[in-house]
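Structural characterization, general
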There are 2 protein chains.
Amino acid sequence: MVKRQETEARLKDCCVKDGFWSYFQELVSDVVIPYQEKILRDEIPGIEKSHAIENFRIAAGKAEGEFYGAVFQDSDLAKWLEAAAYSLQNKRDEELERRVDDVIDLIGGAQQEDGYVNTYFTIKEPEHRWQNLLDCHELYCAGHMIEAAVAYYESTGKDKFLNIMRRMADHIDRRFGPDKTRGIPGHEEIELALLRLYRATGEQRYLELSRYFIDERGTQPNYFQVEMKERSWTFWSTEAGDGTYNQSHVPVREQDKAVGHSVRAMYLYTAMADMAGETGDESLYRACLRLWENVTGRQMYVTGGIGSTVHGEAFTKDYDLPNDTVYAETCASIGLVFFTRKMLELKPSGKFADVMERCLFNGVLSGMQHDGKRFFYVNPLEVIPGLSGEQKEYKHVIPKRPQWYACACCPPNEARLLESIGKYAWGEGSDTIYSHMFLGGSYRSEMCGGILIETESGYPWNGSVKYTVHPQENGASCTLAVHIPGWCEKYRLLVNGTEALSAEGTTAEAETAAKAADVFREDGYCYIRREWKDGDTVQVDLQMEARRVYADSAVRENQGRVCLMRGPVVYCLEQEDNGGQLWQLRIPENAQISAAEEQDPVLGRYVSLNIEGARCLSGGSLYTGERPVPYAWKIKAVPYYLWGNRSEGGMQVWTLEG
Amino acid sequence: MVKRQETEARLKDCCVKDGFWSYFQELVSDVVIPYQEKILRDEIPGIEKSHAIENFRIAAGKAEGEFYGAVFQDSDLAKWLEAAAYSLQNKRDEELERRVDDVIDLIGGAQQEDGYVNTYFTIKEPEHRWQNLLDCHELYCAGHMIEAAVAYYESTGKDKFLNIMRRMADHIDRRFGPDKTRGIPGHEEIELALLRLYRATGEQRYLELSRYFIDERGTQPNYFQVEMKERSWTFWSTEAGDGTYNQSHVPVREQDKAVGHSVRAMYLYTAMADMAGETGDESLYRACLRLWENVTGRQMYVTGGIGSTVHGEAFTKDYDLPNDTVYAETCASIGLVFFTRKMLELKPSGKFADVMERCLFNGVLSGMQHDGKRFFYVNPLEVIPGLSGEQKEYKHVIPKRPQWYACACCPPNEARLLESIGKYAWGEGSDTIYSHMFLGGSYRSEMCGGILIETESGYPWNGSVKYTVHPQENGASCTLAVHIPGWCEKYRLLVNGTEALSAEGTTAEAETAAKAADVFREDGYCYIRREWKDGDTVQVDLQMEARRVYADSAVRENQGRVCLMRGPVVYCLEQEDNGGQLWQLRIPENAQISAAEEQDPVLGRYVSLNIEGARCLSGGSLYTGERPVPYAWKIKAVPYYLWGNRSEGGMQVWTLEG
């Protein structure tokens, strides 16, 4: 039976004070959340209308009008509420809290007698409730609202929202389950939300209902086929298909390859992994492991992006990773972080923490403009001026972040993840505190009567991280486990200034120290077992150099190409720095790559990479016997997550060597 | 004023007896035409139904039933009739001729009182005739029927079909033109057909009507926008758009970039060039030149394929030439041959003959299975197993030639071109006989009282070609102009066994011979002016070696890649010969490429290319710091036009060097 080894940190125990992440958390609190609130209140003219709050006003009888937006419009508000809840945890804001409470009142007002909460069906088609689970996202919206309610409860201690959503969960529970009405969500989300609700309330029924949705998925006869036959009424999609789109093609335990809509898949797998941890379900865990290995070993971009095609926003085939027609939805990378965090709980292994890091520093952060006011839905690895965003095949690959979307799932998803980064950085097992990711600030544990760990981190721009431990009682005995990123080949770990472990053989002195400190490395983590005294330090020094990364030779699109990385950060070339037609550039195999610290008015502080490269040019006829000639060309690479912040133009992550 | 320098040969003067082309002509006569006839008569079960002849039976009152097929279904029959007409020229077949006459009787029977011929509108919607020129292809079908009628008249001397189609042309002429009803075709074709009809009949009105359609195109207000507003009735498309799709965005003389549906474009440009030749219209000629340069200099695949996207079967942007999502419709390459042949008439220049050759030996021939029973619509330059023909982006890139298509424009188009190859190989100016392309057999001219030129050709497998001249009267004075292909860097030309010209400097002996023979080279042609005696020979020896071809550095998709060619033949790598994952293969910059004559039961006689290459393999993790390692790998390349004839699998034209 599988056993949860570790649990994600409670946000109230995490404090972020970090040269990198603090910027994003403050940006989300100070800019993104107020900005998104204005959008949700329709107070910003000239961009996609949201109407999400107005829908609740109408449903609550506080306003007249028609429902507007997607059938899942409620979920935009839900994710914003969740982000706001985390923000209130990180930074008190009474005005914001008051406004959130007002919105919660609206939600309560819009709740029906029987507990039902959904503005689309309340306002527009009450007679069609629960009849089209394939398309209509009722369980999806409920899931996001439940997540928000749990977050707000955990952040503020107020239970009004939680109780509203418990009534909705109870409503769902009365309807669906064994010996009740059959049903599964067309877009997974309710499963993971019910597990959060279960933990927040201790109510076993929510765990069982989540298990029902997970176990029922993919069983025969296919629920959506049956549902389609039973209703004459259709919404937007009329094809249930073979179920691969929403992962209902086979029972979840039989799935071994990620298929279909990538966000749907991630939310399902997250719930599966969490359920396995909650119940010790070994077969579910094995399915999660297979799926995780498939996603990250065969279907993931180097940026942590997933979903290779716009058609169905979906996975395609193993190793099919086109850079230019890519989808790599921001929400999908976020979902992969969720899934991976749950896998980490089941087994603290460096490979999980590495993927989490890959997503966060690249495919997740790229979803947001550096000023917090624009957002990408699609995160390409190559942008071609004149084609991207214009030509039909590339229409979805917009070269500039839009302000908002009709389907605005990504922006608030980004906000809620960034505000809750502590959960991903810290965790606790029975006698071990895990640092999965370097995050400056502090973490407070109740272990051994209470421990505070302060962290100073130069990550990701340098590899110097220092943990200072303050136990409540001197001599408290427990373990600190520090994840050493998989990209790092050379590092040193010092306990109280003495080298205790390094990647390059250990000195006699270090061995003594390691013994004293009971320091060892296992599966990507350095474990420091110790009776901690106040002020004990653990110093990690990672050697951080620009490096070349190659894709598996099964990846057609990246043949002969190299991607530059430094630490966890993927780099890209932008037209702004390198001129047009980036595909002509070459990074010679033996070229030196030098890193330079930059302070840019738009991009902020970052490290650029600079290469004595080449540009290959041909003589000007379409086909010729003359091989294009390489000319010396200085190449500058910037972090991928910062692309598209300056002028519009070409961009590429993978560059030809040679 | 521009002046036609040359006119394409009459097919009755050409005889093909050639180790390469005879195979295809006999295949078309013996297999393709009978096979396509069976399809048109719905006698082959289990494939796409045609119904094209049955539609005429119904329209002629000889059968009961409903119209079936596309609104342009008549054009499939028309192109088959044209191919059959050429075939009868090349190879008498009384049974075929009788059956063609029966079909012509049906067409006559289906003709309406007022001359109108079109089975869709006659059977199905007579009230909607001429109301939707944007979508409904009436002028297009008429054009193809006119071409067939002219071909049949020229081949057999029988004028029944010609007269039927004259009545249709007269009907069109009564309706459309200045001071009559305004109109232009949604799919160009009628323009070039009317010019052929004009030349066959001498009737000036047809020239004028063609000129009207050409000149009216792109004038304001846009005809299709007006038409859409005037009718409530729509067919399939309801968007006239900005006119780029069918080249009606600006007047034709202002067009300088090929846009929209590539077959439509080619048929229009062919008519424009032919019209310029017919009328000396300089501005029209200049537009043709610009468009030709744009197509062949910026939007053409190395195979002579055109049309980079499935969306609208269209051109995209300059230098946008994706190999995998390519369209490169067989009809479009055929259309480029038509257009280029007309440009050649205006100015015999090597660049035109080179493009004709590029298309014919590659993108045109690839449209047909080597057994003549299957056809490609799309001609990709890269096939990826598991994606091509399966994944949405690649759905149109079918890796195996289908037997027939619902929209079956390409197969009979291929047949009519191959049966009329002589027109493209031979032409005549005032005192010059042009050999644009090496074609074994003979050509008979009426020049100087009559000349027969016999040709022996090893092309394209070797570069040895011999012309033997037989003038009716000894000492007849005229010029033979022989196109030396642009790919050829070294050649010798011998007159009666003595070197008269070579690409590598001329010996004193050769100079004398050149003087005696009045031999010179100009713009890709060797001109031999002479008083010909019976048995005079002109021998051309082209040095033919495998060579490397590179794309312009503006072509993103082919960066770092090389294409192998030998003579006019483009080569490709197939999985059958090289194993899977062809993208892993490398052709080192200094690798020797050896040619080997092959005799294959499926592919027939051909020359393969063999390279000591490499395959780059990586260690098996999706992203790694280890550069993939090259292993020695024997690479075999086969002519592109033969791809997809054996087992199904990957294929690629462009391979990484290095």
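Residues numbered from 1 in each chain as written. Chains lettered and ligands numbered in written order. Predicted model: local features only at pLDDT ≥ 70, side-chain atom pairs only at ≥ 80, totals over all residues. Heavy atoms only, no water.

If you look chain A up in an unreviewed UniProt entry, it shows as Glycoside hydrolase family 127 protein from Murimonas intestini.

1. Looking at the sheet that holds strand β13 (residues 525-532) of chain B
Residue and element names in this part refer to chain B. So the rule is basically this: By this definition, two strands are paired if DSSP reports at least two bridges between them. Going along the chain from the N terminus, every DSSP run of H or I of four or more residues is numbered as a helix, and every run of E of two or more is numbered as a strand.
The six strands are arranged β1-β4-β5-β9-β13-β12 in an open sheet whose pairing can be described as mixed. Looking at which strands have only one partner, the edges of the open sheet turn out to be β1 (7-8) and β12 (519-522). Where β1 lies against strand β4 (residues 426-428), two bridges are found, and the strand directions are antiparallel. Pairing of E8 across the sheet is with G427, part of β4.

2. Description of the domain arrangement of chain A
Residues and elements named next belong to chain A. For the record, the criterion: Residue ranges labeled as domains rest on an automatic or database domain assignment. Note on contacts: a residue pair qualifies if any of its non-hydrogen atoms lie within 4.5 Å across the two residues. For any pair of parts, buried area is found by adding up, for both, the accessible area (1.4 Å probe) each one loses once the two are put together. Should a side-chain nitrogen of Lys or Arg be within 4 Å of a carboxyl oxygen of Asp or Glu, the pair is scored as a salt bridge. The definition of a polar contact used here is a pair of N or O atoms within 3.5 Å, where within protein one atom must be able to donate a hydrogen and the other to accept one, and adjacent residues in sequence count solely through side-chain atom pairs. Only Asp, Glu, Lys and Arg are considered charged, only Ala, Val, Leu, Ile, Met, Phe, Trp, Tyr, Cys and Pro nonpolar, and every remaining residue, Gly among them, polar.
As assigned here, chain A comprises domain 1 (251-402), domain 2 (426-542) and domain 3 (547-657). Its C-alpha centre places domain 1 at a distance of 24 Å from the equivalent point of domain 3. Counting from both sides, the interface comprises 26 residues of domain 1 and, opposite them, 30 residues of domain 3. Of the roughly 2,400 Å² buried between domain 1 and domain 3, counting both surfaces, carbon and sulfur atoms make up 59%. When the buried surface of domain 1 facing domain 3 is broken down by residue, V302, Y319 and H370 rank first, second and third, together holding 24% of it. Where domain 1 packs against domain 3, one counts zero salt bridges. Applying the counting criterion to the domain 1 and domain 3 interface returns 11 residue pairs in polar contact (both at pLDDT 80 or more). Of all the elements in the fold, those that place two or more residues in the side of domain 1 that touches domain 3 are α14 (350-364) and β3 (382-383). A breakdown of the residues in the side of domain 1 that touches domain 3 according to their chemical character gives 14 nonpolar, seven polar and five charged.

3. Overview of the relation of the copies chain B and chain A
Here is the rule: Each copy is superposed on the other by least squares, with the fit set by C-alpha atoms of residues at a pLDDT of at least 70 in both.
Taken as rigid bodies, chain B and chain A are interconverted by a rotation of 180 degrees and an axial shift of 0.0 Å, the fit giving an RMSD of 0.0 Å. Look at the turn and shift together and you get a two-fold axis relating the two. Taken together, the interface assignments show that 100% of the residues at the interface of chain B recur at the interface of chain A, consistent with an identical surface on both copies.

4. Comments concerning the environment of A:K180
Structurally, the position occupied by A:K180 is in the loop between α7 (160-175) and α8 (190-201). Once residues within four sequence positions are removed from consideration, A:K180 is found in contact with A:D173, A:R174 and A:R175.

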